[in-house]
Amino acid sequence: LIATSGKVDSSTSLNIFAEDVTYGEESRKYRRTVYDFDAWKKHRSQDRFWRNLGNIPNSGIYRGLINEVAAVATISTMACVWNGLTGGYTDFSGVNHDAVITSLPMLTLPLGVFTVCNSSLSLLLVFRTKNCYERWDGAR
């Protein structure tokens, strides 16, 4: 984005001032902020898992993240298929199947990166959880 003399250049692909409003922002005005007793009783019912599982396609979060979810699912599926074709696989019966394509390498990631990042991510999670709890406790 390039701002010149109070005007925003919308020619870039990362335009946060776009005129089209996403589903998540448009539906924000219809969200409840307080539960009454009936809504709380429905929320705490024992069948809420199945009800919520059935409502995933109608979820605002899912609608807002459908492109990202589809991209990750597609890349993951392609990586699994690639590794199954190039390195073989074990089916649900425990039978090992040989690789169909032996001339191409399998897709692998080094574990060292995940090991190094693990401690910093765990500290970040702890601090975020502590911060959220302090905000919740302060709002009571």
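Before any of the text, the structure's been laid out above.
Keep in mind that this is a model prediction, so the values were computed, not measured. Counting starts from 1 at the beginning of each chain's written sequence and moves along it residue by residue. Per-residue local features are limited, in this predicted model, to residues with pLDDT of at least 70; the limit for side-chain atom pairs, both in listing and counting, is 80 or more; totals at the level of whole chains, interfaces and linings are taken over all residues. Side-chain figures throughout are based on the complete set of non-hydrogen atoms in the structure, without hydrogens or water.

1. Let's talk about the side chain of asparagine 83
Part 1: Numbering of helices and strands starts at the N terminus; helices are DSSP runs of H or I of at least 4 residues and strands are runs of E of at least 2. Tracing the backbone shows asparagine 83 in helix α4 (residues 60–87).
Part 2: Each residue touching asparagine 83, except ones within four places of it in the same chain, is listed here: Gly88, Met106 and Leu107. Contacts were defined at the residue level, with two residues in contact if any of their heavy atoms lie within 4.5 Å.

2. Examining α4
Part 1: Between its first and last C-alpha, α4 extends 39 Å over 28 residues, near the 40 Å set by a 1.5 Å rise per residue.
Part 2: The term bend refers to the angle at a residue between two fitted axes, each drawn through seven residues, those ending there and those starting there. For α4, the principal kink sits at isoleucine 66 and spans about 60 degrees.
Part 3: Asn83, Gly84 and Thr86 are the residues of α4 that are buried.
Part 4: Its buried side turned inward, α4 meets β3 (89–90).
Part 5: Under this definition, polar contacts are N or O atom pairs within 3.5 Å; protein pairs additionally need one hydrogen-donor-capable and one acceptor-capable atom, and for neighbouring residues in sequence, both atoms have to be side-chain atoms. Capping the start of α4, serine 59 holds a side-chain oxygen 3.2 Å from the backbone nitrogen of isoleucine 61, two or three residues further along. Under the convention used throughout, the expected extent of a helix is 1.5 Å for every residue step, that is, one less than its residue count. Three labels apply to residues, based on accessible area from a 1.4 Å probe with only protein chains included: buried if under 20% of the type maximum, exposed if over 50%, partly exposed otherwise in between.

3. Brief notes about the pattern of salt bridges
Between side chains of opposite charge, a pair can form when the charged atoms approach closely.
Part 1: Salt bridges are identified by distance alone: a Lys or Arg side-chain nitrogen within 4 Å of an Asp or Glu carboxyl oxygen. On inspection of all chains with the given rule, the structure shows two salt bridges.
Part 2: Between lysine 130 and glutamate 134 there is a salt bridge, with its nearest N and O atoms 2.6 Å apart. Here the residue lysine 130 and the residue glutamate 134 both occupy positions in helix α5 (residues 111–139), the gap between them amounting to four residues, near one helical turn.
Part 3: Note on lysine 130: relative accessible area 46%, which makes it partly exposed.

4. Description of a nonpolar patch on the surface
Part 1: Like-charged residues are merged into a patch within 9 Å and nonpolar side chains (Val, Leu, Ile, Met, Phe, Trp, Tyr) within 5 Å, provided each residue has over 30% relative accessible area and no salt bridge. Per-residue accessibility takes into account occlusion by the displayed protein chains alone, with areas from the Shrake-Rupley method and a 1.4 Å probe. Taken together, the side chains of Phe49, Trp50, Leu53, Ile56, Ile61, Tyr62, Leu65, Ile66 and Val69 define a hydrophobic patch exposed on the protein surface, amounting to about 880 Å² of accessible area.
Part 2: When contributions to the nonpolar patch are tallied by element, the ones reaching two or more residues are α3 (48–54) and α4.
Part 3: A total of five residues in the nonpolar patch trace back to one element, the largest contributor, which is α4.
Part 4: Among the secondary structure elements, isoleucine 56 is positioned in the loop between α3 and α4.
Part 5: Residue classification places isoleucine 56 among the partly exposed positions, given a relative accessible area of 37%.

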